[in-house]
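Letter by letter, the chains look like this.
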Amino acid sequence: MSIVPAAPLPPAQVVIFGASGDLTARKLIPALADSARAGSFRCPVQVIGVARSPKTDVSWRAELQQWLTPEQLEVWPTLAPNIHYVAIGESAAGDFERLKGELDRLAGPEVERVGRLFYLAIKPELFGSTVEQLAAQGMLACDQVRVDGWRRVVIEKPFGRDLVTAQWLNITLRKHLREDQIYRIDHYLGKETVQNVLAFRFQNAIFEPIWNRSHVESVEISVCEELGMESGRGRYYDTAGALRDMVANHLLQLLCLVAMEPPASLDADAVRSEKVKVLDSLDVYHSPEDVWQHVVRGQYSATHNQPGYLQEEGVAGESQTETYVALVARLHNWRWNGVKFFLRTGKKLKQRYTEIIVRFRVPPVDLFQGPIHADVCRLRPNALSFRIQPEEGIRLHFLVKQPGTGHLMRQAHLGFDYKELFGAATPPAYQRLLMDALHGNATLFTRGDEAEAAWRFCDAIRQGWEAPGAPPPAQYASGSWGPAEADELFQGCEGIWGIP
Ligand code: BG6
């Protein structure tokens, strides 16, 4: 994670496969416009969209323009002439040869120096064949030591469907690319508030002595969404579900950042090796019963004004796909042994928010024995919460005595709020990640072994759900906080979801 601002960029081409898709128009082009506004490019970067639909440079530019904000439109006159479109079939060799010719032509006389970022925003089943086609045209070969003329490939999620498919994909990619050329994207790592988890932990010494099993009782990671299957997402989502769509990547990445050991440096491999150790130390559920006890899957049902998941377009009538997952994970290592990690994510929940809460142990004796005593099962007096979105900040929670002769205690907090301190909104995740990929900084991208380790944990859950006798997804009303069963993951006096 570079804290030092990146140097201006030498000439580069961003070649986006899946140029007609939502991601390109909504995230990638606006991110490039924001980077242009921030003056991150020394020479304008060329963007070449590649997709099957017949379009011209002019018609594609007109489409993209509609998604830009007034601020982004200010740089459009300089950006637009560098945006081009090439129509191509799915895997025809002739098309890729033509694409190569077109990229060389656009690069001009300096073609040897121009770096190329191939961004695969396409169906996951096409990742492997696209890379093979690019390699067959010699478009991926580059020298590791040269700073220009580089070739890199960004792979969107999902990276495989399970361990075996992820392993196959890694094998295919590595036939044609070195690991340092592969950028597996997880956009959560590009969020400023997520990067701050590491900065907060390792740039401040105050919490480090208590960041372990002796002082931390549990960790909660909640990624709650209000959205459901808008923009026709049902068809894709029904083949994925919350476990593949969110847990295998975003939630486990957040867990890694909270639980990892300090890396030797912020180099990509130093950081990623520490994350892999966390994933490798996850206790994999050992039987279906273990899964049923520690993992809750749910599916949203209809309310008077909201359709249920089964009524969504593209969703199979009898679908068992989960739109909600809550689980208790444990890490089998020296720092975290015995600490519970409560993870939950779901669609169509009451409120959109992402938060990490580190709950510290309660005092050994309750001296004050006030009314707080009755609430001790709900309240963890000391907690540190990282508010990732939509509110962005960090809060330290503690109890204070309420004025008066009694011993009434109240919760209070010390807080840091991004907007209050820094004013402007934090830069969008894709802007940061695109710039990092262009600069060759892979720290915020996942490595092949990381993706595989995450699937190892998730596959055991899926196997538990597919085993005979597995309970069906628990139903929860659209707009609620998810199934009641998820509350039962907290046992005895362990607290509840969120900060009460
Ligand atoms: C994506 C998932 O990776 O992340 C979506 O595929 C989800 O289903 C999205 O809605 C959430 O991202 P964010 O940044 O809005 O929290």
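Residues numbered from 1 in each chain as written. Predicted model: local features only at pLDDT ≥ 70, side-chain atom pairs only at ≥ 80, totals over all residues. Heavy atoms only, no water.

Topologically, Ser319 is positioned in the loop between strand E8 (295-301) and strand E9 (324-330). Separated by 2.6 Å, the side chains of Ser319 and Asp238 make a polar contact. Separated by 3.1 Å, the side chain of Ser319 and the backbone nitrogen of Thr321 make a polar contact. Sequence-distant contacts of Ser319, that is, excluding residues within four places in its chain, are made with Asp238, Gln299, Tyr309 and Leu310. (Helix = DSSP H or I, 4+ residues; strand = E, 2+ residues; numbered from the N terminus. Polar contact = N/O pair within 3.5 Å; in protein donor to acceptor, adjacent residues only side chain to side chain. Contact = heavy atoms within 4.5 Å.)

Pairing is mixed in the open sheet, where nine strands are placed in the order E14-E13-E12-E11-E7-E10-E9-E8-E15. The two strands at the open ends of the sheet, each matched to only one other strand, are strand E14 (409-417) and strand E15 (474-477). With strand direction ignored, the average angle separating the axes of adjacent strands in the sheet is 20°. Pairing geometry for E8 and E9, over four bridges, is antiparallel. In the sheet register, Val295 faces E9, and the bridge partner there is Leu327. Strands strand E11 (353-360), strand E12 (383-389), strand E13 (393-401) and E14 of the sheet are contacted by helix H8 (residues 192-203), whose axis makes an angle of about 150° with E12. The strands touched by helix H9 (residues 234-259) are strand E7 (216-224), E9, strand E10 (340-346) and E11; relative to E10, the strand with the most contacts, the crossing angle is about 140°. (Pairing = 2+ DSSP bridges. Axes fitted to C-alpha atoms, helices over the stretch in contact; angles between N-to-C directions.)

The next thing to look at is the site of the ligand. Taken together, the residues surrounding the ligand are Lys157, His187, Tyr188, Lys191, Glu225, Arg233, Asp245, Met246, His250, Lys347, Arg352 and Gln389. Between Arg233 and the ligand, the recorded distance is 2.6 Å, taken from a side-chain N or O atom to an oxygen atom. At a separation of 2.5 Å, an oxygen atom of the ligand approaches a polar side-chain atom of Asp245. Expressed as a share of its isolated accessible area of 400 Å², the protein-covered part of the ligand is 80%. It is H9 that contributes the most residues to the shell around the ligand, three residues altogether. (Near = heavy atom within 4 Å. Areas by Shrake-Rupley, 256 points an atom, 1.4 Å probe, with all protein chains shown as cover.)

Most of E12 is tucked away: seven of the seven residues are buried. Direction of pairing for E11 relative to E12: antiparallel, over a ladder of six bridges. Within E12, the position partnered with Thr354 by the bridge is Gln389. Two strands pair when backbone bridges link them, and E12 and E13 are joined in this way by five bridges, in the antiparallel orientation. Residue pairing across strands places Arg387 opposite Gly393, the latter belonging to E13. The loop that links E12 with its antiparallel partner E13 comprises three residues. (Buried < 20%, exposed > 50% of the residue type's maximum accessible area, 1.4 Å probe, protein only.)

Another point: the environment of Leu163. Tracing the sequence through the fold places Leu163 in helix H7 (residues 163-176). Between the alpha carbons of Leu163 and Trp455 there is a distance of 4.9 Å; along the sequence they are 292 residues apart. Apart from residues lying up to four places away in sequence, Leu163 is in contact with Glu452, Trp455, Arg456 and Asp459.

Here we come to H9. At Gly241, H9 shows its strongest bend, of approximately 95°. Of all the 26 residues making up H9, 23 are buried; the element is thus mostly covered by neighbouring parts of the structure. (Bend = angle between axes of the 7 residues up to and from the residue.)

Evaluated as defined, the whole model comprises 33 salt bridges. Residues Asp22 and Arg26 are paired through a salt bridge, measuring 3.0 Å at the closest nitrogen-oxygen approach. Pair noted here: Asp22 and Arg26 are both in helix H1 (residues 22-37), with a separation of four residues, about one helical turn. In this structure, the salt-bridge partner of Lys348 is Glu230, at a minimum N-O distance of 3.8 Å. With Lys348 in the loop between E10 and E11 and Glu230 in the loop between E7 and H9, the pair connects residues that are 118 residues apart, well separated along the chain. (Salt bridge = Lys/Arg side-chain N within 4 Å of Asp/Glu carboxyl O.)

The omega angle of the peptide bond from Lys157 to Pro158 is 0°, so this bond is cis rather than trans. Residue position: Pro158 is located in the loop between strand E5 (151-155) and H7. With omega at -5°, the peptide bond leading from Gln389 into Pro390 counts as cis. Relative to the assigned elements, Pro390 resides in the loop between E12 and E13. Phi is positive for Ser231, close to 50°, though the residue is something other than glycine. Within the secondary structure, Ser231 sits in the loop between E7 and H9.

Contact geometry of H7 with helix H14 (residues 448-466) gives a least axis separation of 8 Å together with a crossing angle of 165°. Classed by the angle they form, the pair H7 and H14 counts as roughly antiparallel. Pair H7 / H14 crosses with left-handed handedness. Contacts between H7 and H14 involve Leu163, Ala166, Gln167, Asn170 and Arg174 from the first element and Gly448, Asp449, Glu452, Trp455, Arg456 and Asp459 from the second. For the contact of H7 with H14, the class distribution of residues is three nonpolar, three polar and five charged. (Parallel < 35°, antiparallel > 145°, perpendicular 65-115°, else oblique. Left-handed = near helix turned anticlockwise from the far one by under 90°. Nonpolar A, V, L, I, M, F, W, Y, C, P; charged D, E, K, R; others polar.)

This brings us to a nonpolar patch on the surface. On the surface, Val164, Trp168 and Ile171 cluster together into a nonpolar patch covering about 330 Å² of accessible area. Within the element layout of this structure, Ile171 appears in helix H7. (Patch = residues over 30% accessible without salt bridge, like charges linked within 9 Å, V, L, I, M, F, W, Y side chains within 5 Å.)

Right, let's talk about the sheet that holds strand E2 (residues 46-51) for a bit. The strand order across the open sheet formed by six strands is E3-E2-E1-E4-E5-E6, and the pairing between neighbours is parallel. Each edge of the sheet is formed by a strand with only one pairing partner; in this case those strands are strand E3 (83-87) and strand E6 (182-184). Across the sheet, the axes of successive neighbouring strands diverge by a mean angle of 20°, strand direction being ignored. In this structure, strand E1 (residues 12-17) lies alongside E2, joined through five bridges in parallel fashion. For Ile16, the partnering residue across the bridge sits in E2 and is Gly49. Here helix H5 (residues 93-107) sits on the sheet and contacts E1, E2, E3 and strand E4 (115-120); the angle it forms with E1, its principal contact strand, is near 150°.

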